[in-house]
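Here's the letter readout for the chains.
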Amino acid sequence: ATRAIFLSRQSAQAQYAQQFSESALRHVTAKLQDAQGIPDPAHRFKVMVNLLILVDGMKDPRLVEVTIRAIPHDNSGVRYWAVRAATDPTLWAKLNQNQAAASQLADRIIAACDRVVETSSPEVLNLMADFAGRYDTAAAETLLLHVADQRIKHYANWNAGYELAD
């Protein structure tokens, strides 16, 4: 309910949208940093996931950096929401208005994803593959190959899970 209220306050009016975005970046970044210090792992997980779900719902290009930093997280739920928020097609429709900046961000996301392929869940691998499939670069192709190799390993070990995505 709190996320819905927060997201409903996003303004389409330009003079307020930038302030809202800057404030969201400042506060979400601070709260994600604060969450690292929460001693209870279950509570830390809930805080981090809820913040990343909020970021995903905002579809704000300024918040992509927050998601990139969360991609390597050890918790699969945190990683899922970080990758989902970083690769969201609606967000990328906005980001692609500046092709040079979008290309650099895409490369960084692809690199972050590639570093965690072996420890990612099938759902996260699916998000990674969908994103990499939108780009015709060597790094994107490498990520796709690593995702495919990982899925093949899962099948060979009889623990594929999430077969519908394949």
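What counts and how
Residues numbered from 1 in each chain as written. Predicted model: local features only at pLDDT ≥ 70, side-chain atom pairs only at ≥ 80, totals over all residues. Heavy atoms only, no water. Helix = DSSP H or I, 4+ residues; strand = E, 2+ residues; numbered from the N terminus. Buried < 20%, exposed > 50% of the residue type's maximum accessible area, 1.4 Å probe, protein only. Contact = heavy atoms within 4.5 Å. Polar contact = N/O pair within 3.5 Å; in protein donor to acceptor, adjacent residues only side chain to side chain. Axes fitted to C-alpha atoms, helices over the stretch in contact; angles between N-to-C directions. Parallel < 35°, antiparallel > 145°, perpendicular 65-115°, else oblique. Left-handed = near helix turned anticlockwise from the far one by under 90°. Nonpolar A, V, L, I, M, F, W, Y, C, P; charged D, E, K, R; others polar. Phe/Tyr/Trp six-rings, centres within 6.5 Å; stacked < 30°, edge-to-face > 60°. Core = buried A, V, L, I, M, F, W, Y, C linked by side-chain atoms within 4.5 Å. 1 Å grid on protein atoms, 1.4 Å probe; cavity = no way out; pocket = protein on both sides within 12 Å on 5 of 7 lines; lining within 4 Å. Points joined across faces, edges and corners; volume = space filled by probe spheres on them.

J.: How would you summarise the environment of His 146 if you had to cite specific residues and measurements?
T.: By the secondary structure assignment, His 146 is in helix 9 (residues 138–156). In this structure His 146 comes out as partly exposed when scored by relative accessible area, which is 33%. As a C-alpha pair, His 146 and Glu 118 span 28 residues in sequence and 8.3 Å in three-dimensional space. Discounting chain neighbours no more than four positions away, the residues touching His 146 are Asp 114 and Val 117. One polar contact links His 146 to Asp 114, side chain to side chain, over a distance of 2.5 Å.

J.: An account of the environment of Glu 65 is requested, with residue identities and associated values reported.
T.: Along the chain, Glu 65 falls in helix 4 (residues 64–70). Glu 65 gets classed as partly exposed once you look at its relative accessible area, which sits at 28%.

J.: Can you lay out the packing of helix 5 (residues 76–87) against helix 8 (residues 122–132) for me, pointing to particular residues and giving the numbers?
T.: How two helices sit against one another is set out by the angle between their axes and by the gap between those axes. Running from N to C, helix 5 and helix 8 point in directions that differ by 20°, and their axes come no closer than 9 Å. When the interaxial angle is binned, helix 5 and helix 8 end up roughly parallel. At the point where helix 5 passes helix 8, the crossing takes the left-handed sense. Within the contact between the two elements, helix 5 uses Ser 76, Arg 79, Tyr 80, Val 83, Arg 84 and Thr 87 and helix 8 uses Glu 123, Val 124, Leu 127, Met 128 and Phe 131. Of the residues that constitute the contact of helix 5 with helix 8, the class distribution is six nonpolar, two polar and three charged.

J.: An account of unusual backbone geometry is needed here, citing residue identities and associated values.
T.: Despite not being glycine, Lys 59 shows a phi value in the positive range, around 55°. Residue placement: Lys 59 occurs in the loop between helix 3 (41–58) and helix 4.

J.: Quick one: what's the story with the packing of aromatic side chains, residue by residue and with numbers?
T.: Under the definition given, this model contains four aromatic pairs. Taking the centre distance of 5.4 Å and the plane angle of 90° together, the rings of Tyr 80 and Trp 81 count as edge-to-face. Owing to a relative accessible area of 18%, Trp 81 belongs among the buried residues under this scheme. Relative to Phe 131, the ring of Trp 92 has its centre 5.3 Å away and its plane inclined at 55°; by these criteria the two rings are tilted. Of the two residues, Trp 92 sits in helix 6 (residues 89–95) while Phe 131 sits in helix 8, which places them 39 residues apart along the sequence.

J.: Lay out the nonpolar core with the relevant residues and their values.
T.: Counting 47 residues, the largest nonpolar core has Ile 71, Trp 92, Ile 109, Met 128 and Leu 143 as its most contacted members. Only helix 2 (14–35), helix 3, helix 4, helix 5, helix 6, helix 7 (99–115), helix 8 and helix 9 provide two or more residues apiece to this core. Of all the elements, helix 3 adds the most residues to this core, at eight residues. Apart from residues lying up to four places away in sequence, Ile 71 is in contact with Arg 79, Ala 82, Val 83, Ala 86, Ile 109, Ala 112, Cys 113 and Val 116.

J.: Would you mind going over the layout of surface pockets in detail, with residue names and values included?
T.: The calculated volume of the largest pocket comes to roughly 180 Å³. As for the largest pocket, its lining consists of Thr 29, Leu 32, Gln 33, Gln 36, Met 48, Val 66, Arg 69, Ala 70 and His 73. Among the elements of the structure, helix 2 and helix 4 are those that each provide at least two residues to the lining of the largest pocket. The residue inventory of the lining of the largest pocket, partitioned by class, reads four nonpolar, four polar and one charged.

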